[in-house]
Structure formats: C-alpha cells, structure tokens
Amino acid sequence: MKELRHSSIAFYVGFALTLAGSVVPRLTAQDAPPVVGEWTGTLNPGGQPKKPVIVHISAEQDGSLRGTIDYPDQDVSGVQITTITYSKSTLHFESTPGLCAYDGTMDKDSTRITGVWKQGGTSLDLVLKRTP
C-alpha cells in the first residue's frame with residue numbers, strides 16, 4: 001500500500017509539473033520581436049579609421065530584451081547593453097560600460113536599422129544590418 005501511495009504522489013507531482021509547464025507562457029521564435037538577432041554596422045568618425053560594430057540582441061522568456069556589443073577591430077567583445085527597448089520599429093539602447101547610446105528605426109522588411117550612435121559627445125550615423 002505504501003508503494004501505491006508513493007507512485008500516486010509521483011504521478012500527481014509529475015502531472016502538476018507538466019500542467020504548470022504548459023500554462024506558463026514561453027517566448028518562442030515566433031513571439032520574439034524582429035529586433036532579436038545579430039546586427040553589424042560601421043561607424044565612420046571622419047578623419048579616423050572606420051570602426052566595425054556588432055550588436056547582439058536576445059529576448060528573455062519574459063519578453064524583456066538584453067544585448068551586448070562587440071568591437072572586432074579593438075578585440076573587444078561582450079560589452080553589456082544596460083538599457084534596451086524596442087517598440088513600434090524603434091530601437092533604443094545604452095551601454096554604460098561603453099558610454100554609448102543608439103536610437104534607430106527598423107525598415108519594413110526587418111533587415112536594417114537606420115539611426116544615430118552617440119558616444120563621448122559625438123553623434124554618428126549608423127546603419128545596422130541583420131547578419132544572416
């Protein structure tokens with residue numbers, strides 16, 4: 001009888017976990033905002049060498065966004081994006097460690113974001129293109 005009670009409890013616990021897993025909303029690839037992915041662009045500071053930039057944006061299960069920035073020519077990667085929002089085709093992010101901010105608008109086919117990169121009192125146009 002004791003064995004039967006343990007197997008019944010195990011069944012109900014397993015059932016409850018399965019049910020909870022199906023009820024909790026999960027972010028799927030279809031639900032992810034179009035800004036999620038890898039984006040590349042090149043900063044052109046005029047008289048200085050051009051600087052490639054790679055922006056990685058991902059979505060958490062709760063729908064919040066997070067990201068990092070890489071500067072390949074400087075061998076710097078994983079600079080944390082501390083604030084990031086995306087709404088109605090408009091992307092905004094800031095990186096406190098990188099002392100930069102970006103505001104851009106995504107095109108209709110979700111392959112380019114055209115905007116302005118601000119860093120150290122300088123504003124530069126920056127087009128980010130989705131990396132396949």
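You'll find the structure just up there.
Residues numbered from 1 in each chain as written. Predicted model: local features only at pLDDT ≥ 70, side-chain atom pairs only at ≥ 80, totals over all residues. Heavy atoms only, no water.

Engineer: In this structure, what is going on with the overall build of the chain? I would like to understand it.
Structural biologist: Counting its secondary structure elements, the chain contains 1 helix and 9 strands. Helices and strands appear in the chain in the N-to-C order α-β-β-β-β-β-β-β-β-β. Looking at the chain as a whole, 26% of its 132 residues are labelled buried. For the chain, the proportion of contacts with a sequence separation of at least 24, taken over those separated by at least 6, is 28%. Per element, the accessible surface of the chain, about 8700 Å² overall, is 57% carbon and sulfur. (Helix = DSSP H or I, 4+ residues; strand = E, 2+ residues; numbered from the N terminus. Buried < 20%, exposed > 50% of the residue type's maximum accessible area, 1.4 Å probe, protein only. Contact = heavy atoms within 4.5 Å. Areas by Shrake-Rupley, 256 points an atom, 1.4 Å probe, with all protein chains shown as cover.)

Engineer: Mind showing me how you'd approach the pairing of strand β5 (residues 83–87) here?
Structural biologist: Successive residues of a regular strand alternate their side chains across the two faces of the sheet. The alternating pattern of β5 places I84 and Y86 on a buried face and T83, T85 and S87 on a face that is not buried. Counting the residues between successive antiparallel strands, the hairpin from β5 to strand β6 (residues 90–95) contains 2 residues, one of them, K88, with a positive phi of roughly 50°. (Pairing = 2+ DSSP bridges.)

Engineer: I keep staring at the pairing of β6 and nothing clicks. Help me out?
Structural biologist: Pairing between β5 and β6: 5 bridges, direction antiparallel. Note on β6: the bridge partner recorded for S87 is T90. With 6 bridges connecting them, β6 and strand β7 (residues 100–106) associate as antiparallel partners. Bridging from a neighbouring strand, F93 pairs with Y102 of β7. Between β6 and β7, which pair antiparallel and follow one another directly, the connecting turn spans 4 residues, one of which, L99, has a positive phi of 50°.

Engineer: Just checking my understanding: could you explain unusual backbone geometry for this structure?
Structural biologist: Peptide bonds are mostly trans, and most non-glycine residues show a negative phi. Located in the positive-phi region is D75, a residue other than glycine, with phi close to 55°. With respect to the element layout, D75 can be found in the loop between β3 (65–71) and β4 (76–81). The exposed category is assigned to D75, whose relative accessible area is 74%.

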